[in-house]
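The primary structure of each chain is shown beneath.
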Amino acid sequence: MPPQQPTTTDETRSPRVCVLAPTPLLTITIEAPTSEESNPEVHVHAGGQGLWVGRMAVSLGADVVVCGPFGGETGTVLAHLAEVERLRVRPTAYAGGNGAYVHDRRDGERQEVAQTPPHSLDRHELDDLYGTVLVEAMDADVTVLTGADPPRILPAAVVGRLARDLRAAGRTVVADLSGRAAAAFAEAGGAVLKISHEELVEGGFVDSDAPAHLLEAAHRFVDDGLDAVVVSRAGEPVLVVTRDAVEEVLPPPITVVDHRGAGDSMTAGIAVGLGRGLPLNEAVRLGAAAGALNVTRRGLGTGRREQIERFARRVVVRPAGDPA
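Nothing here was measured: the structure is a model prediction, and the numbers come from that model.

Chemist: Help me understand the side chain of R55, please; the structure alone is not making it clear to me.
Modeler: Summarising the element assignment, R55 is placed in helix α1 (residues 49-59). For R55, a relative accessible area of 10% corresponds to the buried category. Of the polar contacts made by the side chain of R55, one reaches the backbone oxygen of A46; its length is 2.4 Å.

See below:
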């Protein structure tokens, strides 16, 4: 069977995307000077998985609301930077304060200079975050649940409860989770789980990253109640598993400048595609294009909409053999 061709959709539509960002992060990166006469460049950005997903979704034309805890000096700066990047922030109280890092990339590789981990959320702060996401999700076309770093910040039980409540309300939910949080999401019967082959291995869901094992794990998640599982595999084809089909998604080969942010960009593209009304495989096509082009850039979760949508036409979607 020949590869599927892109379907026609309204690419001008601006879906509303709600993003749960449990651990927003202030990032400071030192880059090499662009010439011998110039000084090193210092870049300060709002980061963390949820904000990287949100940034790419904005680049793709979505109206993005980010729900997360913002507190302390870093939280004040984070919220301002996020809003400058056209993310609408719905902050919740956070007495402890957000995390931050300083990375030095002047020699081409990331070297950690300093890192401050985020503080834990107390019971009241966690309740406030839950309520904020739940209410914002009711007005969104798609809600994206991202993980916490470290995972203890957002207990897996809270993820499962939120997924169940949103499922019962008929909301479309895309999750980019790993470990216990991914298992809780699957048990709750969420819509789409995006997970990497490494996360499946590290989470103990599979014994190896062999395609047959990855597909077995994805089928188990679907049997638990998920609508679909999207397994990213670095430079290998993405696997899209539903009850009715297994497909591969293959972007053109790309030279990698920085692999970080590719998975978050893919998640954002999937969410925006579903928000536009695309079928899942076409949404993953858009996500694969966003992820592929992101690795050619030094900014995490960054890209240009026109380039991503044109590049998506080069992404192949085809039926896959299912060794499971």
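Chemist: How should I be thinking about the packing of α1 against helix α8 (residues 262-275) in this particular structure?
Modeler: Describing two packed helices takes the angle between their axes plus the distance from one axis to the other. In contact at an axis separation of 8 Å, α1 and α8 are set at 50° when each is read in the N-to-C sense. One element, α1, and the other, α8, form an angle in the oblique class. Crossing of α1 over α8 shows right-handed handedness. In this structure, α1 uses Q49, W52, V53, M56 and A57 to contact α8, whose residues at the interface are D264, S265, T267, A268 and V272. Within the contact of α1 with α8, the residues separate by chemical class into six nonpolar, three polar and one charged.

Chemist: Please clarify how the nonpolar core should be interpreted in this entry.
Modeler: As a rule of thumb, soluble globular proteins bury nonpolar side chains together. Counting residues in each nonpolar core, the largest one holds 51 residues, and the members touching the most others are V64, V249, V284 and I308. If one sorts the elements of this core by residue count, helix α9 (residues 280-294) sits on top with nine residues. Beyond its immediate stretch of four places on either side in the chain, I308 contacts M56, L60, L286, A289, A290, L293 and G303. Ranked by size, the runner-up nonpolar core spans 47 residues in total, among them V159, F185, V231 and L239.

Chemist: What am I meant to see in the packing of aromatic side chains here?
Modeler: What characterises a pair of aromatic rings is the spacing of the ring centres plus the angle enclosed by the ring planes. If you walk through the whole model with that rule in mind, you get one aromatic pair. Above the ring of Y130, the side-chain terminus of R161 is found at 4.0 Å from the ring centroid.

Chemist: Sorry if this is basic, but what is going on with a nonpolar patch on the surface here?
Modeler: A cluster of nonpolar residues, V42, V44 and V77, forms a patch on the protein surface that exposes about 220 Å² of accessible area. Within the element layout of this structure, V42 appears in strand β3 (residues 41-47). Take V42: its relative accessible area is 54%, and that puts it in the exposed class.

Chemist: Hey, could you run me through the pattern of salt bridges in this one?
Modeler: This structure, assessed with the given rule, holds 14 salt bridges. Between R105 and E31 there is a salt bridge, and its shortest N-O distance comes to 2.4 Å. With R105 in the loop between β6 (99-104) and β7 (111-116) and E31 in strand β2 (residues 25-31), this residue pair connects regions lying 74 residues apart in the sequence. Across the pair, E31 and R105 agree in class, each one buried.

Chemist: I would appreciate a short explanation of the state of the cysteines in the present structure.
Modeler: Linking two cysteines covalently via their sulfur atoms produces the bond known as a disulfide. For the structure shown, the criterion picks out zero disulfides. No disulfide involves C18; its nearest neighbouring cysteine sulfur is the one of C67, lying 4.0 Å away.

Chemist: Help me out: how do you make sense of unusual backbone geometry in this one?
Modeler: For residues besides glycine, phi is generally negative; the peptide bonds are generally trans as well. P150 follows D149 through a cis peptide bond whose omega is 10°. Here P150 lies in the loop between β8 (142-146) and α4 (156-168).

Chemist: Before we go on, may I ask you to explain the sheet that holds β7 in this structure?
Modeler: Sheets are built from strands that pair by backbone hydrogen bonding, the pairs being arranged parallel or antiparallel. One open sheet accounts for four strands, arranged β3-β2-β6-β7; its pairing is mixed. Both edges of this open sheet fall to β3 and β7, since each of them pairs with a single strand only. The sheet shows a mean angle of 15° between the axes of neighbouring strands, taken without regard to direction. Both β2 and β3 contribute to a ladder of seven bridges, which runs antiparallel. Bridged to I30 within β3 is V42. Across the sheet, α1 touches β2, β3 and β6, and the angle it forms with β3 is around 95°. Contacts from helix α2 (residues 72-84) reach β2, β3 and β6 within the one sheet, and its direction differs from that of β3 by about 90°.

Chemist: Would you mind going over the environment of L280 with me for this structure?
Modeler: With respect to the helices and strands, the residue L280 is situated in helix α9. The exposure class of L280 is buried, given its relative accessible area of 17%. Between the alpha carbons of L280 and V240 there is a distance of 8.6 Å; along the sequence they are 40 residues apart. Apart from residues lying up to four places away in sequence, L280 is in contact with V192, A228, V240, T242 and L274.

Rules and cut-offs
Residues numbered from 1 in each chain as written. Predicted model: local features only at pLDDT ≥ 70, side-chain atom pairs only at ≥ 80, totals over all residues. Heavy atoms only, no water. Helix = DSSP H or I, 4+ residues; strand = E, 2+ residues; numbered from the N terminus. Buried < 20%, exposed > 50% of the residue type's maximum accessible area, 1.4 Å probe, protein only. Polar contact = N/O pair within 3.5 Å; in protein donor to acceptor, adjacent residues only side chain to side chain. Axes fitted to C-alpha atoms, helices over the stretch in contact; angles between N-to-C directions. Parallel < 35°, antiparallel > 145°, perpendicular 65-115°, else oblique. Left-handed = near helix turned anticlockwise from the far one by under 90°. Contact = heavy atoms within 4.5 Å. Nonpolar A, V, L, I, M, F, W, Y, C, P; charged D, E, K, R; others polar. Core = buried A, V, L, I, M, F, W, Y, C linked by side-chain atoms within 4.5 Å. Phe/Tyr/Trp six-rings, centres within 6.5 Å; stacked < 30°, edge-to-face > 60°. Lys NZ or Arg CZ within 6 Å of the ring centre and 35° of its normal. Patch = residues over 30% accessible without salt bridge, like charges linked within 9 Å, V, L, I, M, F, W, Y side chains within 5 Å. Areas by Shrake-Rupley, 256 points an atom, 1.4 Å probe, with all protein chains shown as cover. Salt bridge = Lys/Arg side-chain N within 4 Å of Asp/Glu carboxyl O. Disulfide = S-S within 2.5 Å. Pairing = 2+ DSSP bridges.

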